[in-house]
Amino acid sequence: MTTQSSAPRTRSEGKSAPRRPRTVAIPQALTVRELADLIGTTPIEVIKRLMTNGVMAAQNQSIDYDTAAIVASDMGVEPTEAEAAKATEPEAEEEEVFDDPPESLVSRPAVVTVLGHVDHGKTSLLDAIRTSRVAAGEAGGITQHIGAYQVSRDEKLITFIDTPGHAAFTAMRARGAQVTDVAIVVVAADDGVMPQTIEAINHVRAADVPMIIAINKVDLPQANPDRVKTQLTEHNVIVEEYGGDVVCVPVSAQTHEGLEDLLESVNLVAEIQELKANPNREANGVVIEAELSPTRGSTATFLIQGGTLRHGDAIVVGEISGKIKAMFDYQGNRIKEAGPSTPVELIGLESVPVAGDRFRVVKDEKTARQIVERRKRAREDQEQKDHAHVNLDTLFNEISRGNLKELIVIIKADVQGSAEALRSSLEQLSTSEVRVKVIHTATGPVSDSDVMLAEASNGIIIAFNTRIDPSAKKQAETVGVEIRTYNIIYQALEAVEQAMQGMYEPVYEPRVDGHAEVRQLFKSSRLGNIAGCQVLDGSVRRGSLVRVLRGNEEIAKTKCDGLKRFQDDVREVQTGYECGITLSDFDKFELGDVIEFYHQERVN
């Protein structure tokens, strides 16, 4: 006789479908696969739903909240908006916090960046310092392997970073990477203060970094260092010789005159700052430069700011993870570890990082990948929101909340006289709550460098009687920097003053997106009349502002509440397709009516 070993299996057991939740919290951005997991279905089902709504997306592709919410609703799940900041931001931020106890700190080398006008000898000066100090006591010539090196003066190391100029200097700071301890601004003794010299000075000031002036080419017959010092005073750079606090050293990259004095000055300025770091922890720092090598793959030059970096460490750089496979010093020698303020070149990253990205060592490669995923999600969520940079629309609210004590302004004008007049007038608008601070004035069009300075300083740009370079305009839109254009001074002053008082009202104009013609009418007990339409041109979107046109007469102005393709809700319908349209507070359609879809675009 046989016995039944187990109870009979019901049909619902085994391959039962996953139970779907009633509600689901959806972040501002997520992948198709992640949405499927949240809803309790397969990625294929989500992809099908997306296709019926006119959205083509693969399972690893990101979609926004609105699209995900429609899919969730279609599948019988009520969507709610997840608190993205709670889910991602704090964890990512905590990864960057280093609270070193005072007793763990030891002295570290100063990190120096050299800036200046083109052709004033910045590169020659760097080469002269390197060959005169690095080569001492070493056999053979010196080859610079990476964009940074160290020199020794009075048994103290100094780290020099060879950047392409102040644009890169500010780009790093814009990413939150305060790399430099001392900035040397090079001015040619025969040429004097030039536009890029002024720009470099303003960038250094914005970074709040101690400045040393190196007057180069003093060996030339036409050299006039005193003229340079006088010109510097016109830009509020007062050298010690003239009673100020800015160190000024005459040098010659050709004859090596003054190089020892320059290095001594760097050490003196560094001593005042008491530069220290903790070498006895996991390392962190900044990417100086990076490239894709055809033989070694992704290589990057790191500047270590704290801790000690070791061969085999797992690292996170921005949104890239990796493990150090090899590490080299500034002379190309393979090394096993490096401490604070040391520049190193390394191999082992998954892809090429960006100059200015921060790096840190983590427990293992799995942890590194998890942090990278969180950071990507945080960025995608943030991209769904408006940029948080200061603009005239939000200025009063920021002042009222106490978030803003200074309104940073960069002025570009057609002539210097206009720039100075505007600067003087704007600074007089300062109040007890907020100070208007102009950090840079110059003539010519608004450039990429101006946008980078505004981004780093959280400021706005005023273009007076001058144009905006197309690349600068695109960059400003990308990073959220506001550029305002004026041709009458009082209009610029009035706009800023009204913004500070909360009375500023920007000017908007309608921009037409598309037209749809009513071809059929459908009655709904819940929605009233639904307009069966064909899109004549452009595209129509749910949520858009609309005007209903009958002949040449506008009979209604409202908003599009609903948009359907057959039985499915959709967000957008393109030219030539049919759709069903419902409007807010209007359903008195007639055949032949034209529904014009538009949006408001700010023009001032």
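Look a little higher up for the structure.
Residues numbered from 1 in each chain as written. Predicted model: local features only at pLDDT ≥ 70, side-chain atom pairs only at ≥ 80, totals over all residues. Heavy atoms only, no water.

(A) Up close: the packing of helix α2 (residues 43-52) against helix α3 (residues 65-74). Two numbers describe how α2 lies on α3: the axes approach to 10 Å, and their chain directions differ by 110°. Between α2 and α3, the angle is such that the two are roughly perpendicular. Contacts from Val46, Arg49 and Leu50 of α2 reach α3 at Thr67, Val71 and Asp74. In terms of residue class, the contact of α2 with α3 is made up of three nonpolar, one polar and two charged. (Axes fitted to C-alpha atoms, helices over the stretch in contact; angles between N-to-C directions. Helix = DSSP H or I, 4+ residues; strand = E, 2+ residues; numbered from the N terminus. Parallel < 35°, antiparallel > 145°, perpendicular 65-115°, else oblique. Contact = heavy atoms within 4.5 Å. Nonpolar A, V, L, I, M, F, W, Y, C, P; charged D, E, K, R; others polar.)

(B) Local environment of helix α1 (residues 32-39). Here α1 has its buried residues at Val32, Leu35, Ala36 and Ile39. Along the long axis of α1, the arc covered by the buried residues comes to 100°, so they all point the same way. Residues of α1 that are buried make contact with β1 (23-26), β2 (29-31), α2, β3 (62-64) and α3. Gly40, located one to two residues past α1, shows a positive phi value of around 90°. (Buried < 20%, exposed > 50% of the residue type's maximum accessible area, 1.4 Å probe, protein only. Arc of directions from axis to C-beta.)

(C) Inspection of helix α16 (residues 489-501) at higher detail. Given a rise of 1.5 Å per residue, 13 residues ought to cover 18 Å, and the 19 Å separating the end C-alpha atoms of α16 matches this to within 8%. Within the span of α16, buried status applies to Ala492, Leu493, Ala495, Val496, Ala499 and Met500. Viewed along the axis of α16, the buried residues span an arc of 160°, placing them on a single side of the element. (Expected span 1.5 Å × (residues − 1).)

(D) Local environment of the environment of Glu578. Checked against the element boundaries, Glu578 lands in strand β31 (residues 578-583). Looking at Glu578, the relative accessible area reads 56%, which means it is exposed. Spatially, the C-alpha atom of Glu578 lies 5.6 Å from that of Cys533, the residues being 45 residues apart in sequence. Beyond its immediate chain neighbours, meaning those up to four positions away, Glu578 contacts Cys533, Gln534, Arg565 and Val573.

(E) Geometry of the sheet that holds strand β17 (residues 320-328). Around the barrel, six strands lie side by side as β13-β14-β19-β17-β16-β20; this closed barrel has antiparallel pairing. Averaged over all adjacent pairs, the angle separating strand axes in this sheet is 45°, with direction ignored. Sheet analysis places strand β16 (residues 314-317) next to strand β20 (residues 358-362), joined by four bridges and oriented antiparallel. Bridging across to β20, Val316 finds its partner in Arg360. (Pairing = 2+ DSSP bridges.)

(F) The arrangement of the pairing of strand β27 (residues 545-550) in detail. Taken together, the six bridges between β27 and strand β28 (residues 553-565) define a ladder with antiparallel strand orientation. Paired with Arg550 across the strands is Glu553, a residue of β28. Counted between consecutive antiparallel strands, the loop separating β27 from β28 contains two residues, among which Gly551 sits at a positive phi close to 70°.

(G) Here's a closer look at the sheet that holds strand β21 (residues 406-413). A sheet is described by the order of its strands in space; here four strands give the open sequence β22-β21-β23-β24, paired in parallel fashion. A single partner strand is all that each edge strand has here, and the edge strands are β22 (435-443) and β24 (483-486). With strand direction ignored, the average angle separating the axes of adjacent strands in the sheet is 25°. Pairing geometry for β21 and β22, over eight bridges, is parallel. Bridge pairing links Glu406 to Arg435 in β22.

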